[in-house]
Amino acid sequence: MKKKSSILLIYTGGTIGMMQDARSGELRPFNFKALTAQIPELEKFDITLSSISFEKPIDSSNMHPSVWIKLAEIIQKNYAKYDGFVILHGSDTMSYTASALSFMLENLAKPVILTGSQLPIGIIRTDGKENLITAIEIAAARTKTNKPVITEVCIYFEYKLYRGNRTFKYNSAHFDAFKSPNYPLLAEAGVTIQYNDAYLLKPEKKAFKVHTALENDIAVLKLFPGLSKKITLAILNTPGIKAVILETFGAGNATTEAWFTDALTSAIKKGVIIYNVTQCLEGRVIQGMYETSSHLKKIGVIGGEDITFESAVAKLMFVLGKKLSLKETKALLQKNLRGEISL
Ligand code: ASP
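Owing to the predicted nature of the structure, the values given are computational and were not obtained by experimental measurement.

Cut-offs and rules
- Residues numbered from 1 in each chain as written.
- Predicted model: local features only at pLDDT ≥ 70, side-chain atom pairs only at ≥ 80, totals over all residues.
- Heavy atoms only, no water.
- Helix = DSSP H or I, 4+ residues; strand = E, 2+ residues; numbered from the N terminus.
- Rg over C-alpha atoms; globule rule 2.2 N^0.38 Å.
- Buried < 20%, exposed > 50% of the residue type's maximum accessible area, 1.4 Å probe, protein only.
- Areas by Shrake-Rupley, 256 points an atom, 1.4 Å probe, with all protein chains shown as cover.
- Pairing = 2+ DSSP bridges.
- Axes fitted to C-alpha atoms, helices over the stretch in contact; angles between N-to-C directions.
- Parallel < 35°, antiparallel > 145°, perpendicular 65-115°, else oblique.
- Left-handed = near helix turned anticlockwise from the far one by under 90°.
- Contact = heavy atoms within 4.5 Å.
- Nonpolar A, V, L, I, M, F, W, Y, C, P; charged D, E, K, R; others polar.
- Near = heavy atom within 4 Å.
- Polar contact = N/O pair within 3.5 Å; in protein donor to acceptor, adjacent residues only side chain to side chain.
- Expected span 1.5 Å × (residues − 1).
- Salt bridge = Lys/Arg side-chain N within 4 Å of Asp/Glu carboxyl O.
- Arc of directions from axis to C-beta.

*Asks:* Teacher, can you tell me more about the overall build of the protein chain here?
*Replies:* From N to C terminus, the protein chain includes nine helices and 18 strands. Here the C-alpha radius of gyration of the protein chain, 21 Å, is about what a compact globule of 343 residues would show, namely 20 Å. With the C-alpha coordinates aligned to their principal axes, the bounding extent of the protein chain is approximately 65 × 55 × 35 Å. Here the protein chain, with 343 residues, has 53% of them falling under the buried criterion. In the structure as shown, the protein chain presents an accessible area of about 16,200 Å², 54% of it carried by carbon and sulfur atoms.

*Asks:* Hey, could you run me through the pairing of strand β9 (residues 160–163) in this one?
*Replies:* Burial of the side chains of β9 extends over both faces: K160 and Y162 are buried on one face and L161 and R163 on the other. Sheet analysis places strand β8 (residues 153–157) next to β9, joined by four bridges and oriented antiparallel. If you follow I155 over to β9, its bridge partner there is Y162. Taking the residues that link successive antiparallel strands as the turn, the β8-β9 hairpin has two residues, and the phi of E158 there is positive, at about 50°.

*Asks:* Just checking my understanding: could you explain the packing of helix α3 (residues 94–104) against helix α8 (residues 309–321) for this structure?
*Replies:* A pair of packed helices is characterised by two quantities: the angle between their axes and the separation of those axes. Relative orientation of the contacting elements α3 and α8 amounts to 40°, with a least axis distance of 8 Å. In terms of axis orientation, α3 runs oblique to α8. In the packing of α3 onto α8, the handedness of the crossing is right-handed. For the pair α3 and α8, contact is made by S95, Y96, S99, A100, F103 and M104 and by F309, E310, S311, V313, A314, K315 and F318, respectively. Class assignment for the residues of the contact of α3 with α8 results in eight nonpolar, three polar and two charged.

*Asks:* Would you take a moment to explain the environment of Y96 for this structure?
*Replies:* Following the sequence through the fold, Y96 ends up in helix α3. Placed 228 residues apart in sequence, Y96 and L324 show a C-alpha to C-alpha distance of 23 Å. Filtering out sequence-adjacent residues up to four positions away, Y96 remains in contact with W68, F309, E310, V313 and A314.

*Asks:* I'm lost on the site of the ligand in this one. Help?
*Replies:* Neighbouring residues of the ligand: G14, T15, D59, S60, G90, S91, D92, S117 and Q118. At 2.9 Å, a side-chain N or O of D59 approaches a nitrogen atom of the ligand. For the ligand, an oxygen atom lies 2.4 Å from a polar atom in the side chain of S91. Surface burial for the ligand is 90%, taken as the share of its 260 Å² of free accessible area covered by protein chains.

*Asks:* Can you help me understand helix α2 (residues 65–78) in this one?
*Replies:* An α-helical turn contains 3.6 residues, so a residue and the one three or four places further along point in the same direction. Its 14 residues give α2 an end-to-end C-alpha distance of 20 Å, which sits within 8% of 20 Å, the value for a rise of 1.5 Å per residue. Where α2 is concerned, the buried positions are P65, V67, W68, L71, A72, I74, I75 and N78.

*Asks:* Mind showing me how you'd approach the side chain of H211 here?
*Replies:* The topology assignment puts H211 in the loop between β14 (209–210) and β15 (218–222). Of note is the side chain of H211, whose polar atom sits 2.5 Å from the side chain of E106.

*Asks:* How should the sheet that holds strand β4 (residues 47–58) be read in this particular structure?
*Replies:* Whether parallel or antiparallel, the strands of a sheet pair through hydrogen bonds between backbone atoms. In spatial order, the strands read β4-β1-β5-β7-β8-β9-β12-β13; together these eight strands make up an open sheet with mixed pairing. The strands lining the two open edges of the sheet, one partner per strand, are β4 and β13 (193–195). If you compare each strand with its neighbour and ignore which way they point, the axes differ by 20° on average. Pairing between β9 and strand β12 (residues 187–189): two bridges, direction antiparallel. Within β12, the position partnered with K160 by the bridge is E188. Here helix α4 (residues 128–140) sits on the sheet in contact with β1 (5–13), β4, β5 (84–88), β7 (112–115), β8, β9, β12 and β13, set at roughly 160° to β5.

*Asks:* Help me understand the pattern of salt bridges in this model?
*Replies:* If the charged atoms of two oppositely charged side chains come close together, the side chains can form a pair. One pass over the structure, following the stated rule, counts eleven salt bridges. With a closest N to O distance of 3.8 Å, D306 and R284 form a salt bridge. Within this pair, whereas D306 is found in the loop between β18 (302–303) and α8, its partner R284 is found in the loop between β17 (273–278) and α7 (291–299), the two being separated by 22 residues in sequence. The class for D306 is buried, based on a relative accessible area of 5%. Using a relative accessible area of 27% as the deciding quantity, one classes R284 as partly exposed. Through salt bridges with shared partners, a single ionic network connects R166, R284, E305 and D306.

*Asks:* Help me understand α7 in this model?
*Replies:* Listed as buried for α7 are S293, H295, L296 and I299. End-on view of α7: buried residues confined to an arc of 145°, all on one side of the axis. Those residues of α7 that are exposed and angled more than 90 degrees off the buried face are E291, K297 and K298. Close packing links the buried residues of α7 with β16 (243–248), α6 (258–269) and β17. Trailing α7 by a residue or two, G300 shows a phi angle of about 100°, which is positive.

*Asks:* Before we go on, may I ask you to explain the packing of α6 against α7 in this structure?
*Replies:* Where α6 contacts α7, the two axes come as close as 10 Å, and the packing angle between them is 20°. Classified by the interaxial angle, the pair formed by α6 and α7 is roughly parallel. As for the relative orientation of α6 and α7, their crossing is right-handed in sense. Across from F260, T261, L264, T265 and I268 in α6, the residues of α7 making contact are H295, L296 and I299. Of the residues contributing to the contact of α6 with α7, the split by class is five nonpolar, three polar and no charged.

Shown next as structure tokens:
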């Protein structure tokens, strides 16, 4: 007889488990038992479900690298015991958490699916039930040869399964809240769940490894016409700064004004990493395509390819956390580590 799949649900908080405060009308997290009581369907699953709940569930706007470490450690501790993991998480920062976990969990051979909802589970029109039920089904899915179908960190939301580190939240009003403009859907749930096998990450035949060192001394410099020299210098010269995400125009372009190039050059000389990520949601950074990006390439700005902003933040924290030489750090940033960039 085939063994039942066992899935661990990890409840961090988010709208899915929130209730309206009677007095203020604010949405606040409530406990996990109350959440599962709202979904009696879970008992009908032919899957062994266990759960771990954060003692104090959080709105995901309070997400922090220390919580990513906690999540990675929960998965590490339970890795051998379960066939898959479903993380209930607020949608606001879900793409950041999915990206961070994708880097922290190396050689993953089991599914880690993040999901949540736009409406609390207690509301009749909630999207939370379908999201949770199908996320569990995906986490438990096996191939004909009894291997897990998914072996990466994903987001499941509104009938779509995405590679987590390719997503961003683009809509706060629609159930269809995420987009993955530079990578195809991994699966779509209709009457059946259709997997796009060609796009799934194949598991490495190496031992599962969890990385918990993250470095958050990083900043973002978003370009706009008229960005001042004073502000630029203040960011680049922040004491202790390790890296700056330069949010550029179009295909990775920036002003060619001398003061700007000089400021970047001097930061790079001091060992600060400048990581070029485009403000465009689709397309990629190609340094050298225009005159307005050739200067960046020349002074040693690292091109982010087609990485999302969310994934760039997570990748920087992960790579810097390794405390490698500057050369190795820059090489890792330019390498595709978990399917986060197309080269
Ligand atoms: N503010 C909520 C959160 O991210 C929104 C949601 O869950 O969709 O925790």
